[in-house]
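Chain residues, written in single-letter form:
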Amino acid sequence: MQTHYRVHTERADQPAEDKIIHHLINAQGYVSGEEIAQELRMSRTAIWNHVNNLKKIGFRIESRPHLGYQLVAIPDRLLPALILNSLKTKLIGRKIFHYPRTTSSNDEAEKLARMGEHEGAVIIAEEQTSGKGRVGRVWHSPKGKGIYLSVILRPQMPPARISFLTLCSAISAAGAIHRCSGLRAFVKWPNDVLLSGKKACGILTELATEADRINYAIVGVGINVNQEISDLAGLTMATSLKIEKRGEVSRLELTKSFLESLDSNYALLLHEHYGEIIDRWLQVSETIGKRILAESLSGEKWEGVATGLDEDGCLLLRLDNGMTKRITGGDVSIL
Ligand code: BTN
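Below, the structure is looked at part by part.

1. Considering the site of the ligand
- In the vicinity of the ligand, 20 residues are found, and the nearest of them are Ser-104, Gln-128, Lys-132, Arg-134 and Lys-199.
- A distance of 3.2 Å separates an oxygen atom of the ligand from a polar side-chain atom of Asn-191.
- Measuring from an oxygen atom of the ligand, one finds a side-chain N or O atom of Lys-199 at 2.5 Å.
- Here the ligand loses 99% of its free accessible area of 420 Å² to cover by the protein chains.
- At the level of elements, helix H5 (105-114), strand S5 (147-153), strand S8 (198-210) and strand S9 (213-223) are the ones that each hand at least two residues to the shell around the ligand.
- For the shell around the ligand, the element with the most residues is S8, which contributes 4 residues.
- In terms of residue class, the shell around the ligand is made up of 6 nonpolar, 11 polar and 3 charged.

Shown next as structure tokens:
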């Protein structure tokens, strides 16, 4: 039996409710129903109904006669209105699609990209029922615990340089994790972000090309934020920010921080500052200088010392016979 999930929003009138959230967040104390009603050109009863809808999805809002409404607590959800309220980006996340539950945010992003959605749009899921990892793996995506998001990009760059999208996303995730949790995060080529040597974040970049140009790229980012050890059962090489920090981390702040970082790193990429991206990546690298085993998608294996990245973002490996091997994809393990 096929299951169809209702997506996008659980709220009947999202734009009005987003505006009310904006008012409540930015108010100093109480804001009167009359004031909101006038600004939104709605009746006070309509505002009251919307406030009740917001309460149903977890907003705690106090109402007092003659004073109006005051926001007491927000739900632990990555709602567009909460992210956009103070997001400082030029391109990334200026439009956000939110799905309480879907198969995979990458799949939703792909549908939107094929329909012409603009570069920078972000698709966020609270839960994924078929979260995708690289090379056909599954990305466990329990409800409300992690960040599962995809970004639609349309970079005007040669498909050979595609690795840079993953590198940009990895340094953005590592930086955001550090800022929001204080934990030192490291990147492992090609797409992992590690905490204490264990994977806390993975990136899946999918590409649609036409002739020799990128039509669109979907960068899917999964961050294990508030997963408990029991949520990661069977995933011995995985960890979460909560496990490492021994305390919860705000998914909302981490999402904003990641999007802001990606916005500036992606701007570097569009200006062809490839060297700067490589430098930033090297600063948080867990791979370079280490003895590693690289395994290609076709099963070929090479062992040696990782010495750096080339101009396409591929990994350079000094083999034991002194030759340098350029690794373009596959998996890397640190020995
Ligand atoms: C990997 O490390 O193998 C990549 C994992 C990528 C997971 C993210 S979660 C958001 C987006 N949607 C998916 O289905 N996958 C990516």
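There's plenty left to go through after this.
2. Details of the side chain of Asn-191
- Summarising the element assignment, Asn-191 is placed in the loop between strand S6 (186-188) and strand S7 (192-195).
- Within the local environment of Asn-191, its side chain forms a polar contact with the backbone oxygen of Ile-203, the two atoms lying 2.8 Å apart.
- Asn-191 has contacts with Arg-134, Thr-166, Lys-199, Cys-201, Gly-202 and Ile-203, leaving out every residue within four places of it along the chain.

Rules of the game
Residues numbered from 1 in each chain as written. Predicted model: local features only at pLDDT ≥ 70, side-chain atom pairs only at ≥ 80, totals over all residues. Heavy atoms only, no water. Near = heavy atom within 4 Å. Polar contact = N/O pair within 3.5 Å; in protein donor to acceptor, adjacent residues only side chain to side chain. Areas by Shrake-Rupley, 256 points an atom, 1.4 Å probe, with all protein chains shown as cover. Helix = DSSP H or I, 4+ residues; strand = E, 2+ residues; numbered from the N terminus. Nonpolar A, V, L, I, M, F, W, Y, C, P; charged D, E, K, R; others polar. Contact = heavy atoms within 4.5 Å.

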